[in-house]
Amino acid sequence: MVLADLFQVSRLKFHIAHINYHLRNEDSNLDQKLVSDFCERNDIPFHLYEVAAGDKKPENSIQNWARELRYQFFRKIQKEQNLEYLVTAHHLNDQLETFIINLSKASGIKGLSGIPANENQIIRPLLNFSKDEIYEFAKENMIGFREDVSNQKTDYLRNKVRHKVVPELENINENFLQNFSKSIEILNQTKVVLNDVVNEKLNGFQRNIETGQIVIDKEKFSKESDLIRFEILKRFGFNDEKEMQKIFTAQTGSSFLNSEFQLVINRNELILNQKLDLGSLKFEAEEMALEIVENEILIPQHIKVEILEFGNCHWKIDESKIELPLKLRKKQEGDVFFPIGMIGKKKISKFFKDEKISILAKQKIWLLCDANNQIIGVLPFRQDGRFNSDDSESLEVKI
């Protein structure tokens, strides 16, 4: 109510949104009435959301559920009413409680920096003021307010910190809250500096503008401090310490996924790709039949473009040793062929490894096969020597 009063006396144009969870019976309704009456007296647009059975209140984590519901409602009003900012009344005591909770969870610098004062169009102008200062201001200016009685309980972690941990800290040092305010300011400045360092490191990574792929030199990256590595990987959603350890010890071909990115280990590289919306993609067929015109095997143009990324080739094929029709297909488990210029057979997977073909490049490579699924060659890398021919009347592949 202090924040609402400050906005009112400052003659700002604003709306007020209130959510009634109906968790405290009549107290919840009295809270709502206080806010709605204030809005009515001062001609302020008032938006109300009343929690109903359909909102499925959980048995556990009520605070997290309530917070998500609250911000969903606030953001909805903000969008519908075309409001530039969402403003909340978090204060310095809230900041301290958040710091202690994040400290207990081994948070990084972002967590220890506490609640941001201005981020994602959310402004918190009272963060530097203590709860006692706000109470005193309300008393001096005769601003009516109601206390949430559930805040006196110690059922939730935040309330335990508020009623058991913070009083002990203030007993140790009566200026604890003021000193904490200075410390949080220093931590926020440190966060800004760290953010600049991380951005500089990120700008040094190799990027593919067309695909959005980011390639990190694994050896160079491993020489960075744990803090820098953690902060960089966290930018891509990899923020679990145990998972980070696995990333640096994983074998080539290993893949790590989160909701937004895929990280692939490729020898001495970490390759980051933005995770694709599989539902929106039209996948290339895993197999396609080929036509032959005047002894030339016709490769579809869009496949040719993919193959040309790796090079070109001109193969001659003995038609008497194969079964038509021919086809292109992707690699399958257990595939083997007899690479021209080599003795004996080789697994396609081993060939890829020896040629140092990256994990992502493998996905684009096509195998030329006959009707009996014999592999005639890996386009455009190597033909199978069994089907090679010097006859001018042979079938040809030209890329």
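Residues numbered from 1 in each chain as written. Predicted model: local features only at pLDDT ≥ 70, side-chain atom pairs only at ≥ 80, totals over all residues. Heavy atoms only, no water.

**Some words on the overall build of the protein chain**
Note the cut-off: Secondary structure elements follow DSSP: runs of H or I of four or more residues count as helices, runs of E of two or more count as strands, with numbering from the N terminus. In this setup the radius of gyration rests on C-alpha atoms only. A globule is expected at 2.2 Å times the number of residues raised to 0.38. Partly exposed describes any residue whose relative accessible area lies between the buried limit of under 20% and the exposed limit of over 50%, with all areas from a 1.4 Å probe on protein chains only and scaled to the type maximum. The contact definition used throughout considers only heavy atoms, calling two residues in contact when any of these lie within 4.5 Å. Surface accessibility follows the Shrake-Rupley procedure with a 1.4 Å probe radius. Residue values consider only the protein chains on display as shielding. Charged residues are defined here as Lys and Arg on the positive side and Asp and Glu on the negative side; His and the ends of the chain fall outside this count. By convention, the charge on Lys lies at NZ, on Arg at CZ, on Asp at CG and on Glu at CD.
Per the secondary structure count, the protein chain includes 14 helices and 21 strands. For 399 residues, the compact-globule formula gives about 21 Å, and the C-alpha radius of gyration of the protein chain, at 32 Å, lies well above that figure. If you line up the protein chain on its principal axes, its C-alpha atoms span 100 × 45 × 40 Å. A burial count over the protein chain gives 38% of its 399 residues as buried. Sequence separation of at least 24 residues holds for 65% of the intrachain contacts in the protein chain that already meet a minimum separation of 6. Element-wise, carbon and sulfur atoms account for 48% of the exposed surface of the protein chain, whose accessible area totals about 24600 Å². Where the 56 positive side-chain charges of the protein chain centre and where its 62 negative ones centre are 3 Å apart.

**With respect to the pairing of strand 10 (residues 269-274)**
Our working definition: Only strands that DSSP links by at least two bridges are regarded as paired with each other.
Pairing geometry for strand 7 (residues 213-217) and strand 10, over four bridges, is antiparallel. Bridging from a neighbouring strand, Ile216 pairs with Leu270 of strand 10. Here strand 9 (residues 261-266) runs beside strand 10; their pairing, made up of six bridges, is antiparallel. Directly across from Leu263, in strand 10, lies its bridge partner Leu272.

**Topic: the pattern of salt bridges**
Just so we agree on the cut-off: Salt bridges are defined as contacts in which a side-chain nitrogen from Lys or Arg sits within 4 Å of a carboxyl oxygen from Asp or Glu.
Applying the stated rule across the entire model yields 18 salt bridges. One salt bridge in this structure joins Lys234 and Glu231, with 3.4 Å as the shortest N-O distance. Here the residue Lys234 and the residue Glu231 both occupy positions in helix 10 (residues 226-235), the gap between them amounting to three residues, near one helical turn. Looking at Lys234, the relative accessible area reads 23%, which means it is partly exposed. A salt bridge links Asp335 to Arg329; the shortest N-O distance between them is 2.8 Å. Asp335 sits in the buried class, given a relative accessible area of 10%. In this structure Arg329 comes out as buried when scored by relative accessible area, which is 1%. Within this structure, Arg24, Asp27, Asp31, Arg146 and Asp148 form a network of salt bridges that share partners.

**Let's talk about the packing of helix 4 (residues 92-104) against helix 8 (residues 176-203)**
Test applied: The axes used here are C-alpha line fits, helices contributing only the stretch in contact, and every angle between their N-to-C directions lies in the interval 0 to 180 degrees. Angle categories: roughly parallel below 35 degrees, roughly antiparallel above 145, roughly perpendicular from 65 to 115, and oblique for all the rest. Rotating anticlockwise by less than a right angle from the far helix to the near helix defines a left-handed crossing, while the corresponding clockwise rotation defines a right-handed one. Residues are grouped as follows: nonpolar covers Ala, Val, Leu, Ile, Met, Phe, Trp, Tyr, Cys and Pro; charged covers Asp, Glu, Lys and Arg; every other residue, Gly included, is treated as polar.
Where helix 4 meets helix 8, the closest approach of the two axes is 10 Å, and the angle between their N-to-C directions is 70 degrees. Between helix 4 and helix 8, the interaxial angle falls into the category roughly perpendicular. Handedness of the crossing formed by helix 4 with helix 8: left-handed. Residue-level contacts link Leu92, Asn93, Gln95, Leu96 and Phe99 of helix 4 to Phe176, Leu177, Phe180, Ser181, Ile184 and Leu187 of helix 8. Classifying every residue of the contact of helix 4 with helix 8 by side-chain character gives eight nonpolar, three polar and no charged.

**Thoughts on the sheet that holds strand 15 (residues 327-329)**
Spatially, the five strands line up as an open sheet ordered 11-15-18-19-20, and their pairing is antiparallel. Both outer strands of the open sheet, strand 11 (287-289) and strand 20 (382-383), are each paired with one neighbouring strand and no more. Pairing of strand 19 (residues 375-379) with strand 20 involves two bridges; the strand directions are antiparallel. Paired with Val378 across the bridge in strand 20 is Arg382.

**Some remarks on the confidence of the model for the protein chain**
Spelled out, the test is: Note: pLDDT gives the predictor's confidence per residue, expressed from 0 to 100.
Chain-level statistics for the protein chain give a pLDDT mean of 89 and a share of 95% at 70 or above. This model gives residues 276-284 a pLDDT under 50, and the stretch forms six contacts once residues within four places in sequence are excluded.

**Brief notes about the pairing of strand 18 (residues 366-369)**
Working note: regular strand, side chains alternate between the two faces of the sheet. Of the two faces of strand 18, the one lined by Trp366 and Leu368 and the one lined by Leu367 and Cys369 are each fully buried. Where strand 18 lies against strand 19, four bridges are found, and the strand directions are antiparallel. Bridge pairing in strand 19 links Leu367 to Val378.

**Thoughts on the environment of Ile134**
With respect to the secondary-structure elements, Ile134 resides in helix 6 (residues 131-140). Note on Ile134: relative accessible area 16%, which makes it buried. Distance from Ile134 to Leu3, taken between C-alpha atoms, is 9.4 Å for residues 131 residues apart in sequence. Non-local contacts of Ile134, meaning those with residues more than four positions away in its chain, are made with Val2, His91, Leu126 and Phe129.

**Thoughts on the packing of aromatic side chains**
The relative placement of two aromatic rings is captured by the distance of their centres and the angle of their planes. Definition in use: Each Phe, Tyr or Trp ring, with Trp reduced to its six-membered ring, pairs with another whose centre is within 6.5 Å; inter-plane angles below 30 degrees give stacked pairs, above 60 give edge-to-face pairs, and intermediate values give tilted ones.
Applying the stated criterion across every chain, the model contains twelve aromatic pairs. Plain terms: the ring middles of Phe73 and Phe74 are 6.1 Å apart, the flat faces sit at 40 degrees to each other, and that makes the pair tilted. Across this residue pair, the class does not change: Phe73 and Phe74 are buried. A ring pair is formed by Phe236 and Phe261, whose centres lie 5.1 Å apart and whose planes are at 90 degrees; its orientation type is edge-to-face. Here Phe236 is found in the loop between helix 10 and helix 11 (241-249), whereas its partner Phe261 is found in strand 9, with 25 residues between them in sequence. Residues Phe236 and Phe261 agree in their burial class; the two are buried.

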